[in-house]
Amino acid sequence: MVDLLTAATALLGATALLLPLLQLRKGGKQATAGYVLAAVLGAVMGLVGWFTLHPTPVPWFGSLLSDDQLGGVFALVTIGVTLMVTIASFTYQKGPNTPVYYSLLSFTALGMLLLSYSQNLLMLFVAWELMSLPTYVLAGFDKKLRSNEASVKYAIIGAMSSAIILYAISLAYGLTGSVQISDVVSGFRAQPTALAGVATLLFVAGFGFKMSIVPFHMWIPDAYEGAPTTITTVLAAATKKAGFVAAIRVLLALTTLYVVTQNPYFTLPNILAVLALLTMTVGNVSALTQRSMTRLLAYSSIAQAGYILIGFVPFSLAPASGAAALGMTGSILHVINHAVMKGVAFLCAALVLMQLKRADLGAYNGLAKRMPVTAFTMAIALFALAGVPPLSGFWSKLLLFLSVANGPYGWLAVAGILNSAFSLGYYAWIVKRMYADDPDSSERVKEPFWFVVVFAVAVGLIIGIGLFPQGAINFAAGAVPQAP
Amino acid sequence: MSFVLSLLVFIPLVAAPLVYLATRWNRKGGIYFSVAAAILVFLVSAYVFWGVYSSPPLPGQYSFVEKSTWISFPSFSLNYFLGVDGLSSPLLFISSLLTVLVIFGSRKLIDSHEPEYYALIFLFEGAIMGVFTSLNLILFYVFWEIVLIPMFFFIGVWGGPRRKYAAMKFIIFTYAGSTIMLLGFLYVYLGMLTPGSAPSFDIPTLAGHIPVGLQYLPLLASFIGFAVKLPLVPFHTWLPDAHVEAPAPISVLLAGVLLKMGGYGFLRISIGLFPNASAQYAWVFLALGLISMFYGAIAAVLQKDLKKMIAFTSINHMGFVLFGAYATLISGNLLGIQGAIFQMFTHGLAVGSLFMLSGYIHHQAGTREIPLLKGMKTTMPRTAAVLVLGSAAAMGLPPFSSFLAEFMVIVAGISAYGIAAISILVPVITAGYFLWTIKRTVLSDAEGTPEVHDLSWGDVAAFAGYLVPLVVLIVFSYLILTPALPVASYLRGPG
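Just so we're clear, the structure is a prediction, and the values are computed from it rather than from any experiment.

(A) Quick look at the overall build of chain B. Summing up its helical and strand segments, chain B has 20 helices and 2 strands in all. Overall, the C-alpha framework of chain B stretches about 80 × 60 × 45 Å when taken along its three principal axes. Within chain B, buried positions represent 62% of all 495 residues.

Structure (structure tokens):
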């Protein structure tokens, strides 16, 4: 059955390599690349989905990759977002280099697929780079000044984070003599030296850049705003999630900090809790003052990363406890939900930018009259991001807050709930603009078919998971890694 | 297992998209369809009301119970748990009745985005039915929050000139209040978590088993959530804005239904789940209720806008609910809680009729400013007659049953503390400003040549829907008080 995953990998790789050949064709024929990629991604999702539902414990590529459900969830989420973006790009991405655009997307998807299943630090690093490098190019794909600036900024920060991760890997190899994650973990536990602590912190920092954790977040708003908005969707909803899977696999196993420093405050749970608090609060407070939709969503994306991080705290505190299972389930569920909510919110922003040529919040005034489907989708996505029941975001937040509410991190649950309440301020403000304010012109704007399809599926998921969360919760719970 | 309550919740929720499509396709047909669906819900709720009346559940028990597992997870599970008793059945009845009347009144007063409007009315109704029937705290919270969304759009899209400000203020106040309430629920849940026991969010399971030490913080948290909704001074500042800006039919829903969520929450959760802490601090709540009553009454005197005056009347009347409920806790006199439940019912109808009327007056005269409305007896005689009747109902004049409700609450207040007898002044002030308003608007002489724009007879008949039940209930008050008795004795506790 593992052959299914091999087939998925090979399919994506072959697509990525062959798509640029379509460059040779002239004119409108180039759009075929998008349809091909969408079909391939759909097939890959089918293969991964089938495999995740019917797992068989067979080693895969030696022990570089594992075939667990954690990988399955993240593979499905990241490939799913890429599929959403590909479909939306049918109408969004025009111009001469279209096949290359889809080819790069395909490479990113392959990187994320491999990263989701990585069990080896070097495999993880290779997949990490395979995922990141194409996005540097894609961020600058518009050939506009802003887009190129975003691309350069993103590439520099990305290179830096890769270097940090690589250095951490080299330390881990030097200390334990292995790059297999399970060996590194047991080695660190057996000999908790100061260097092991340093390596742990470096992993936090390196993954933190992708996960958009404060204080590693400063590149996010610029890159998200400058990149083509479809690519921003990939960055916010997919590659960021890949950062989280890497963190779950590596970081949570490393609880050596306390042993190293003997300082009761300098422990991994404490560090994660403070980072979660900072990330939520900085993200929400900054989002409130934004004047551009993409920047607002970028800061909101930072805030959401903070919520996801909450679930890591009980897990790093006592991995075998019920609270840890609850928290990690909440984190994984919020990863799934956030990919849908934030993904579709960015696609709405992409459509508005494409049709109205504006990204400032003023463009959203009276949007309900001009683009009713987009406005409705955006409203649902924003309410879900705020955690208003009965939408999907409510359940994952409830699990996250419940997991920390009882115990030493009760304050984190209080902070999380207050942050949620606070965030509704700016989310509802956008909804108010779309529904209550008057538009500059009342002319109806065309909403392309493929965007509407993506919107309908996403709204269905948000409301569906909201009303019947049991299936999604079970799915996420099945992916929670076993306590080491 | 019964499924009647699920019908109450899901008929409106299913009707919402259908109404949207029907109204888009054909305006008139859609509105007929809305009225039909609303009447269907009303009939179901009347059946529930009668069922609860004819065999009231024992204290602490519920009728029409439905229970099934919604979410299960190790160390965390939620039930879909519905039930009614003498506290919720009158509220279900009045909510569904007001929905019918509101849809009927909206056909003239709402003229834009009608498909969305009628669909949101049903979303609102379904959520409200859920709030009043949920017996699981998280399910309750989910419905509680769904109520916000249609109301936000009602105010923001169909409201008056300052609608955007009012809508934002409304949603921020109420959402902040309800998230704090959720914190309180989680606190209770986690506090009840002991190794080996399955914790629960179910109200009947929790009630009576929460240790006293665990009651104080959640009481405070739920107090904030409910006080914002009720609204209690000083959490009330969103209400005048929301009421003034909301279109008249929506004001009816705001005053008649949404505010009841606060009163219901105080009785069901603040007192029902945290009885010891509530009893200990009952005098604080009693005082706050009294302050709200006086503040609402005195502020209403000063208003020039008819609608704003009615809005402050709401604050005044809802103060009675809190006052009565906590008077029972102090004195043991069951009239307080019975009166509070009765007061919620009568306030919905009396003030609902006035809000709807203010919409018609604005529509017909072009203004709601009391000093500018002159000579209504000649310019709009039928409207003036309804205004006088509605005002009589709101000031608690017999034979309207609002008299009985306020009387019961005040009696319970006096049996709690003798000094609470000053509450008798509140109806006096209320009567004063209503009579003064009638003198200025109805009994004054019209300026210039009066043009007659009056209610149609059909609309006058609709107002009978508000006022006739009030008159009927002063005779047949046992319809509400009999099922309220076990609730009151249960909430009072054995003491």
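(B) Looking closely at the overall build of chain A. What chain A contains, in helices and strands, is 21 helices and 0 strands. In terms of overall dimensions, chain A is globule-like: its C-alpha atoms have a radius of gyration of 21 Å, near the 23 Å expected for 484 residues. Projected onto the principal axes, the alpha-carbon positions of chain A cover approximately 65 × 50 × 40 Å. Relative to its 484 residues, chain A shows a buried fraction of 61%.

(C) Local environment of the nonpolar core. The biggest cluster of nonpolar side chains holds 394 residues, and the ones touching the most others in it are Ala345, Ala381, Leu382 and Ile462 of chain A together with Val147 of chain B. Among the elements that take part in this core, helix H15 (residues 322–356) of chain A stands out by supplying 21 residues, more than any other. Looking at which domains feed residues into this core, each of domain 1 (1–280) and domain 2 (284–495) of chain B gives three or more. Excluding anything up to four places from it in sequence, leucine 382 of chain A contacts Ala345, Tyr427, Ile430 and Val431 of chain A.

(D) Layout of the packing of helix H4 (residues 98–117) of chain A against helix H5 (residues 121–139) of chain A. Residues and elements named next belong to chain A. Running from N to C, H4 and H5 cross one another at 155°; their axes reach a closest spacing of 8 Å. Between H4 and H5, the angle is such that the two are roughly antiparallel. When the axes of H4 and H5 are compared, the crossing they make is left-handed. Along the contact surface, H4 presents Tyr101, Leu104, Phe107, Thr108, Leu110, Gly111, Met112, Leu114 and Leu115, while H5 presents Leu124, Ala127, Trp128, Leu130, Met131, Pro134, Thr135, Val137 and Leu138. Broken down by class, the residue content of the contact of H4 with H5 amounts to 15 nonpolar, 3 polar and no charged.

(E) The arrangement of the interface of chain B and chain A in detail. Counting from both sides, the interface comprises 28 residues of chain B and, opposite them, 28 residues of chain A. When contributions to the side of chain B that touches chain A are tallied by element, the ones reaching two or more residues are strand S1 (63–73), helix H5 (137–158) and helix H6 (163–191) of chain B.

(F) Just the packing of helix H10 (residues 229–250) of chain A against H15 of chain A, in detail. Residues and elements named next belong to chain A. Across the interface, H10 lies against H15 with an axial gap of 7 Å and an inter-helix angle of 165°. Judged by the inter-axis angle, H10 sits roughly antiparallel to H15. Viewed along their axes, H10 and H15 form a crossing whose handedness is right-handed. Listed contacts from H15 to Thr229, Thr230, Thr232, Thr233, Ala236, Ala237, Ala238, Lys241 and Phe244 of H10 are Val335, Ala339, Lys342, Gly343, Phe346, Leu347, Ala349, Ala350 and Leu353.

(G) Highlighting the pairing of strand S2 (residues 76–84) of chain B. Residues and elements named next belong to chain B. S2 sits mainly inside the fold: 7 of its 9 residues count as buried. Here S1 runs beside S2; their pairing, made up of 8 bridges, is antiparallel. Paired with glutamate 66 across the strands is leucine 82, a residue of S2. Between the end of S1 and the start of S2, which pair antiparallel, lie 2 residues, with serine 75 showing a positive phi angle near 70°.

(H) Structural detail: the environment of phenylalanine 266 of chain B. Topologically, phenylalanine 266 of chain B is positioned in helix H10 (residues 248–273). C-alpha separation for the pair phenylalanine 266 of chain B and serine 222 of chain B, spaced 44 residues apart in sequence, amounts to 8.0 Å.

(I) Molecular detail of unusual backbone geometry. Residue and element names in this part refer to chain B. Here the residue pair leucine 230 and proline 231 is connected by a cis peptide bond, since its omega of -15° sits within 30 degrees of zero. Relative to the helices and strands, proline 231 is located in the loop between helix H8 (216–229) and helix H9 (238–245). For the bond from proline 398 to proline 399, the omega torsion is 10°, close enough to zero to count as cis. Mapped onto the elements of the fold, proline 399 is located in the loop between helix H16 (381–394) and helix H17 (402–416). At phenylalanine 64, a residue that is not glycine, the phi angle is positive and equals roughly 55°. As for its position among the elements, phenylalanine 64 is in strand S1.

(J) Expanded view of the domain arrangement of chain B. Residues and elements named next belong to chain B. As assigned here, chain B comprises domain 1 (1–280) and domain 2 (284–495). The C-alpha-based centres of domain 1 and domain 2 are spaced at 22 Å. Every contact between the two is made by 49 residues of domain 1 and, on the other side, 44 residues of domain 2. Broken down by secondary-structure element, the contributors of at least two residues to the side of domain 1 that touches domain 2 are helix H2 (27–54), helix H3 (88–109), H9, H10 and helix H11 (275–280). Its residues assigned to classes, the side of domain 1 that touches domain 2 comprises 34 nonpolar, 12 polar and 3 charged.

(K) Geometry of the confidence of the model for chain B. Residue and element names in this part refer to chain B. Residues at a pLDDT of 70 or more form 98% of chain B, whose mean pLDDT is 89. Within chain B, no element has a lower average pLDDT than helix H15 (residues 376–379), which sits at 84, and none a higher one than helix H4 (residues 114–133), at 94. The complex prediction reports pTM at 0.91, with the ipTM value standing at 0.88.

(L) Here's a closer look at the environment of threonine 232 of chain A. Residue and element names in this part refer to chain A. Its location among the elements puts threonine 232 in helix H10. Threonine 232 sits in the buried class, given 29 other C-beta atoms within 10 Å. Distance in space between the C-alpha atoms of threonine 232 and proline 96 is 21 Å, their sequence separation being 136 residues. Apart from the residues within four sequence positions on either side, threonine 232 is in contact with Tyr224, Ala227, Thr294 and Phe346.

(M) Representation of the environment of phenylalanine 93 of chain B in the model. Residue and element names in this part refer to chain B. Here phenylalanine 93 shows up in helix H3. Residues phenylalanine 93 and phenylalanine 403 lie 310 residues apart in sequence; the distance between their C-alpha atoms is 20 Å. Sequence-distant contacts of phenylalanine 93, defined by excluding residues within four places in its chain, comprise Ser45, Ala46 and Phe49.

(N) Structural detail: helix H19 (residues 410–435) of chain A. Residue and element names in this part refer to chain A. If you check H19, its first and last C-alpha atoms are 37 Å apart, about what 26 residues at 1.5 Å a residue would give, namely 38 Å. Approximately 25° is the largest bend angle found in H19, and it occurs at glycine 425. In terms of burial, H19 is largely enclosed, as 20 of its 26 residues are buried.

How each quantity is defined
- Residues numbered from 1 in each chain as written.
- Chains lettered and ligands numbered in written order.
- Predicted model: local features only at pLDDT ≥ 70, side-chain atom pairs only at ≥ 80, totals over all residues.
- Helix = DSSP H or I, 4+ residues; strand = E, 2+ residues; numbered from the N terminus.
- Buried ≥ 20, exposed ≤ 12 C-beta atoms within 10 Å, placed from the backbone.
- Rg over C-alpha atoms; globule rule 2.2 N^0.38 Å.
- Core = buried A, V, L, I, M, F, W, Y, C linked by C-beta atoms within 7 Å.
- Domains from an automatic or database assignment.
- Contact = placed C-beta atoms within 7 Å.
- Axes fitted to C-alpha atoms, helices over the stretch in contact; angles between N-to-C directions.
- Parallel < 35°, antiparallel > 145°, perpendicular 65-115°, else oblique.
- Left-handed = near helix turned anticlockwise from the far one by under 90°.
- Nonpolar A, V, L, I, M, F, W, Y, C, P; charged D, E, K, R; others polar.
- Pairing = 2+ DSSP bridges.
- pLDDT = per-residue confidence, 0-100.
- Expected span 1.5 Å × (residues − 1).
- Bend = angle between axes of the 7 residues up to and from the residue.

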